[in-house]
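Listed below, chain by chain, are the residues.
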Amino acid sequence: MKRIILILPFILFLFHLGYAQESTIRQYPYLYKSPRAMGMGGAYVAIGGRTDTLFYNPAGLSTMPEKNWEVNLLGISAEVGKNVMDFVKDMGDAFDTGDLDGDGDEGDDQLRAVNDVLAKYRGKNLHLGIADWSSLGRNQGSWAFAVGGVGTLRLDAMTHQGFGPEGFLEINADATGGGLLGFSFRLMEDLYGGVGIKALHRESLVHSFTARELVEKQDSLEDYITEELRKSGDAVGFDVGLIYKFAQDFFLKPRVGLSVMNIGDLKFGDAGKIPMTVNLGVAINPDIPVFDSLVVGLDYVDLFNNYEEDKDIGKRLRLGGELYLIDRKLLSLGLRAGLYQGYPTFGADLRLLLFTVSYVTYAEEVGAYAGQDEDRRHLVFLNIGW
């Protein structure tokens, strides 16, 4: 995973030269994004129901099906930004350019086509990600628990045009791995609390490369990155949460959730941090005819604006829902949709026996406010478990 982080930025570098403006990748830092939650627009604080609720609200373990084990032997996801997909396609077309000017040489025409593609993608975020969440959990009714291991690899890269001193290739990448443990318990009738702990190691590369820097370090570039630019750190984090299920005789079966994640900040030292956030959510889980289940949620994350990137309200809103057309022991089919940071999301999954395949598309806001700079992403998830 570390080697991939170190190699990918320089594959991009070989294709483009220029000068950078100020840092512009302003997505919120995160540890793991649940494919299920992202299909629902990221609304998960009051929903939960699976072991991945440990990344949103540990009290959500209380909404897992009772007296059943949830076992995820392998839960691997891979995502790619639409900009990356378009970039690869456009570069392939550029290299296929023929002799347009009729001078008997295709090379000059291909070079012009490649330069046009590179100019087209200046200032656009290029995103790749891989993650795995393997876990075990069970809800006993009055209490529930989950334990799991997470591993993530993320790369965001952006080239710029300009004449500032900052550089021309902006890289924000990290590899993180570790374990999580969480418990949920009934505090009183319809009120559940949750606590979680995580121990993690992270290695990161956050840097804007200048042309002079790369020329001077060209003979020892890998050593320069691994010994001087790469940062490592360990962190232990704590989370707490509440879920209150009220008016359960009413057909909407509403509930509210509150979570405080990464209490005191999740600090990796020189490798960065994930700030503490206080998050609020509401959800309904009505009984409906024909279909097996429906849940709809609305979240507002980071109530006290601890994310340093901005204070935008739109980037902190999540809205979405999940409808299971069929949900049986050996077969299930679910659809999800929502709004995440003002952009539509969609998800679907099919489970057959022990295998689940899911697809999710969502857009991350990498600008300072919702609607400024959309980075559309596509995610495929494969899970083996029950």
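Computed from a predicted structure; not experimentally measured. (Residues numbered from 1 in each chain as written. Predicted model: local features only at pLDDT ≥ 70, side-chain atom pairs only at ≥ 80, totals over all residues. Heavy atoms only, no water.)

Novice: If you had to explain the side chain of Thr345 to someone new, which residues and values would you point to?
Specialist: As for its position among the elements, Thr345 is in strand 14 (residues 343-352). Thr345 sits in the buried class, given a relative accessible area of 6%. A polar side-chain atom of Thr345 sits 3.4 Å from the main-chain carbonyl oxygen of Met38. Among the polar contacts made by the side chain of Thr345, one reaches the main-chain amide nitrogen of Gly41 at a distance of 3.2 Å. Leaving out residues up to four positions away in the same chain, Thr345 has contacts with Met38, Gly39, Met40, Gly41, Arg336, Ala337, Gly338, Leu339, Tyr340, Thr361 and Tyr362. (Helix = DSSP H or I, 4+ residues; strand = E, 2+ residues; numbered from the N terminus. Buried < 20%, exposed > 50% of the residue type's maximum accessible area, 1.4 Å probe, protein only. Polar contact = N/O pair within 3.5 Å; in protein donor to acceptor, adjacent residues only side chain to side chain. Contact = heavy atoms within 4.5 Å.)

Novice: Could you give an account of the pairing of strand 15 (residues 355-365), naming the residues involved and the relevant values?
Specialist: Put simply, side chains in a regular strand alternate between the two faces of the sheet. Taking burial as the measure, the 11 residues of strand 15 include 8 buried ones, the bulk of the element. Counting the residues in the hairpin turn of strand 14 and strand 15 gives 2 residues, including Leu353, whose phi is positive at 55 degrees. As judged from the 11 bridges shared by strand 15 and strand 16 (residues 374-385), these two strands associate in the antiparallel manner. Bridge pairing links Tyr359 to Val380 in strand 16. (Pairing = 2+ DSSP bridges.)

Novice: Lay out the side chain of Thr63 in plain terms, naming residues and giving numbers.
Specialist: By the element assignment, Thr63 lies in the loop between helix 2 (35-39) and strand 1 (69-81). Once residues lying within four places of it in the same chain are set aside, the contact partners of Thr63 are Ile47, Gly48, Gly49, Ile243, Lys245 and Arg255.

Novice: Quick one: what's the story with the packing of aromatic side chains, residue by residue and with numbers?
Specialist: Counted by the stated rule, this structure contains 10 aromatic pairs. Ring geometry for Trp69 and Phe145: centres 6.0 Å apart, planes at 85 degrees, overall edge-to-face. Of this pair, Trp69 sits in strand 1 while Phe145 is found in strand 3 (residues 143-159), placing the two residues 76 residues apart along the sequence. Cluster of aromatic residues (ring-pair linked, three or more members): Tyr32, Phe55 and Trp133. Above the plane of the ring of Phe268 lies Arg202, whose end atom (NZ or CZ) is 4.8 Å from the centre. When the ring centre of Tyr192 is taken as origin, the NZ or CZ atom of Lys245, which lies over that ring, is 4.7 Å away. (Phe/Tyr/Trp six-rings, centres within 6.5 Å; stacked < 30°, edge-to-face > 60°. Lys NZ or Arg CZ within 6 Å of the ring centre and 35° of its normal.)

Novice: Explain the confidence of the model for the protein chain to me, and be specific about the residues and the numbers.
Specialist: Averaged over every residue, the pLDDT of the protein chain is 90; the share at 70 or more is 91%. Between residues 1-23, whose pLDDT stays under 50, and residues either more than four places distant or in other chains, the model counts 62 contacts. (pLDDT = per-residue confidence, 0-100.)

Novice: Describe unusual backbone geometry, listing the residues and the values that go with them.
Specialist: Located in the positive-phi region is Ala247, a residue other than glycine, with phi close to 50 degrees. By the secondary structure assignment, Ala247 is in the loop between strand 6 (231-245) and strand 7 (254-261). Take Ala247: its relative accessible area is 43%, and that puts it in the partly exposed class.

Novice: Talk me through the pattern of salt bridges; I want residue IDs and the actual numbers.
Specialist: Going through the model one piece at a time under the given rule, you end up with 24 salt bridges. Note that Asp156 and Arg154 form a salt bridge whose closest N and O atoms lie 2.7 Å from each other. Take Asp156 and Arg154: they sit in the same class, and that class is buried. Residue Arg328 is joined to Asp292 by a salt bridge in which the shortest nitrogen-to-oxygen separation is 2.2 Å. One end of the pair, Arg328, is in the loop between strand 12 (317-327) and strand 13 (331-340); the other, Asp292, is in the loop between strand 10 (277-284) and strand 11 (293-300), with 36 residues separating them in the sequence. Taking the relative accessible area as the measure of exposure, Arg328 reaches 47% and is therefore partly exposed. A relative accessible area of 32% places Asp292 in the partly exposed class. Each member of the salt-bridge network shares a partner with another, and the members are Arg154, Asp156, Asp174, Arg202, Asp375 and Arg377. (Salt bridge = Lys/Arg side-chain N within 4 Å of Asp/Glu carboxyl O.)

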